Amino acid sequence: MKTVNIVKPPQGAKSPVIAPTEVKTPPAAPNFASKSVPRHLARGVIGFGLIIGSIALVPAYGPITLLAAPLALIAFRGCPTCWMVGLVQTISRGRLERQCVDGVCTLTKADPAAKDH
């Protein structure tokens, strides 16, 4: 995003040429949310099922069952903590919004009327 600072020169003076300056926006926060809560919960069931199943089946089938545990990372899109963060993001989507004023960001309730437009 480019911005230009405009300053009115004194009368009779030539107006200076002002070069545009770059304004850097902070990078977007990671998004772990799913399209819907049921879809996100299904990913959690698959992920936790793979972890629990791989550990529980070790006595019956040996350590080879532990190879199923890394597949849970695919279902979680990272780790179980990432899945939990995504669950909160999925539930709060559309209900909360981040507002930044003068470099200070806060979470506020989203305006339902703004969604209709």
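Use the structure listed above.
Residues numbered from 1 in each chain as written. Predicted model: local features only at pLDDT ≥ 70, side-chain atom pairs only at ≥ 80, totals over all residues. Heavy atoms only, no water.

K.L.:
Any chance you could explain helix 3 (residues 69–76) here in plain terms?
P.N.:
Note that an α-helix has 3.6 residues per turn; residues three or four places apart therefore point the same way. Burial in helix 3 covers these residues: A72, A75 and F76. The buried residues of helix 3 all sit within an arc of 90° when viewed along its axis, so they share a single face. Close packing links the buried residues of helix 3 with helix 1 (37–56) and helix 4 (80–92). (Buried < 20%, exposed > 50% of the residue type's maximum accessible area, 1.4 Å probe, protein only. Helix = DSSP H or I, 4+ residues; strand = E, 2+ residues; numbered from the N terminus. Arc of directions from axis to C-beta. Contact = heavy atoms within 4.5 Å.)

K.L.:
Which parts of the structure should I look at to understand the state of the cysteines?
P.N.:
Disulfide: a covalent bond connecting the sulfur atoms of a pair of cysteines. For the coordinates displayed, the defined rule picks out one disulfide. What pairs with C100 in a disulfide is C105, and their sulfur atoms sit 2.0 Å apart. One disulfide, between C100 and C105, carries an S-S torsion of 105° and so falls in the right-handed class. Judged by relative accessible area, which is 40%, C105 ranks as partly exposed. C79 carries a free sulfur, and the closest cysteine sulfur to it, the one in C82, is 3.2 Å from it. (Disulfide = S-S within 2.5 Å.)

K.L.:
Even after reading the chapter, I still don't get the environment of V37, so can you show me in this structure?
P.N.:
As for its placement among the helices and strands, V37 is situated in helix 1. When the C-alpha positions of V37 and I91 are compared, they lie 6.6 Å apart, and in sequence the two are 54 residues distant. Here V37 is in contact with T90 and I91, once residues within four sequence places are set aside.

K.L.:
Before we go on, may I ask you to explain the packing of aromatic side chains in this structure?
P.N.:
Pairs of aromatic rings are described using the distance from one ring centre to the other and the angle between the two planes. Overall, the coordinates contain three aromatic pairs when judged by the stated rule. A network of ring pairs unites the aromatic residues F48, F76 and W83 as a single cluster. (Phe/Tyr/Trp six-rings, centres within 6.5 Å; stacked < 30°, edge-to-face > 60°.)

K.L.:
Any chance you could explain the packing of helix 1 against helix 4 here in plain terms?
P.N.:
Angle between the axes and distance between the axes are the two parameters that describe a pair of packed helices. One way to put it is that helix 1 packs onto helix 4 with a least axis distance of 10 Å and a crossing angle of 165°. One finds that helix 1 runs roughly antiparallel with respect to helix 4. Viewed along their axes, helix 1 and helix 4 form a crossing whose handedness is left-handed. Between helix 1 and helix 4, the residues in contact are V37, H40, L41, R43, G44 and F48 and P80, W83, G86, L87, T90 and I91, respectively. (Axes fitted to C-alpha atoms, helices over the stretch in contact; angles between N-to-C directions. Parallel < 35°, antiparallel > 145°, perpendicular 65-115°, else oblique. Left-handed = near helix turned anticlockwise from the far one by under 90°.)

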